[in-house]
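So the chains spell out like this:
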Amino acid sequence: MEIHSEQAGVLILRVWVEEGRPDGFRARIVRTGGRHQAPPTAVSAVDDVLASVRAWLDQLLESDG
C-alpha cells in the first residue's frame, strides 16, 4: 500500500470484556497522527469509543488539507 501524503497516523483500539461491570467492557485507545501522539485513554462506553475514533480521524484529515 502506497501512502501519497506525509500525513499518517495509527490508532490502536484494544477492547476486552469484564464480567461483573455494569458497562460490560473496557477499551484502551492509543492514537498517533502527524507530529503528535496523544496519551492513551481508557473508556467503557460505545459512544466514547466512537467519539474518540471520529476525533482522531477528523484531526488527521484536517491537518492534511
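On a predicted model such as this, the values are computed, not experimentally measured, just so you know.

Conventions and cut-offs
Residues numbered from 1 in each chain as written. Predicted model: local features only at pLDDT ≥ 70, side-chain atom pairs only at ≥ 80, totals over all residues. Heavy atoms only, no water. Helix = DSSP H or I, 4+ residues; strand = E, 2+ residues; numbered from the N terminus. Buried < 20%, exposed > 50% of the residue type's maximum accessible area, 1.4 Å probe, protein only. Contact = heavy atoms within 4.5 Å. Areas by Shrake-Rupley, 256 points an atom, 1.4 Å probe, with all protein chains shown as cover. Core = buried A, V, L, I, M, F, W, Y, C linked by side-chain atoms within 4.5 Å. Polar contact = N/O pair within 3.5 Å; in protein donor to acceptor, adjacent residues only side chain to side chain. Phe/Tyr/Trp six-rings, centres within 6.5 Å; stacked < 30°, edge-to-face > 60°. Lys NZ or Arg CZ within 6 Å of the ring centre and 35° of its normal. Expected span 1.5 Å × (residues − 1). Arc of directions from axis to C-beta.

### Remarks on the overall build of the chain
Helix and strand counts for the chain stand at 1 helix and 4 strands. For the chain, the sequential pattern of α-helices and β-strands runs β-β-β-β-α. With 65 residues in all, the chain has 17% of them scored as buried. A separation of at least 24 residues holds for 26% of the contacts in the chain among residues at least 6 apart in sequence. As displayed, the chain offers around 5200 Å² of accessible surface, 53% of which is attributable to carbon and sulfur atoms.

### A short note on the side chain of Ser-52
Locating Ser-52 in the fold gives a position in helix 1 (residues 46–62). For Ser-52, the residues in contact, after removing those within four places along its chain, are Ile-29 and Arg-31.

### Topic: the nonpolar core
In this structure, Phe-25, Ala-27, Ile-29, Val-43 and Val-49 together form the largest nonpolar core, which totals 5 residues. Considering each element in turn, this core owes the most residues, 3 residues, to strand 2 (residues 25–33).

### Description of the side chain of Arg-31
Looking at where Arg-31 falls in the secondary structure, it is placed in strand 2. A distance of 3.2 Å separates a polar atom in the side chain of Arg-31 from a polar atom in the side chain of Thr-41. With near-sequence residues (within four places) excluded, Arg-31 lies in contact with Val-10, Leu-11, Gln-37, Ala-38, Pro-39, Thr-41, Ser-52 and Trp-56.

### Observations concerning the packing of aromatic side chains
Applying the stated criterion to the full structure yields 0 aromatic pairs. One Lys or Arg, Arg-14, reaches over the ring of Trp-16 and ends 4.6 Å from the middle of that ring.

### Things to note about helix 1
The periodicity of an α-helix, 3.6 residues per turn, causes residues three or four positions apart to be oriented the same way. Here helix 1 spans 24 Å end to end across 17 residues, near enough to the 24 Å set by a 1.5 Å rise per residue. Residues of helix 1 that are buried include every one of Val-49, Ser-52, Trp-56 and Leu-60, and no others. The buried residues of helix 1 occupy one face: seen down the axis, they fall within an arc of 65°. Across from the buried face of helix 1, at angles greater than 90 degrees, the exposed residues are Val-46, Asp-47, Leu-50, Arg-54, Leu-61 and Glu-62. Packing partners of the buried residues in helix 1 comprise strand 1 (9–17), strand 2 and strand 4 (41–43).

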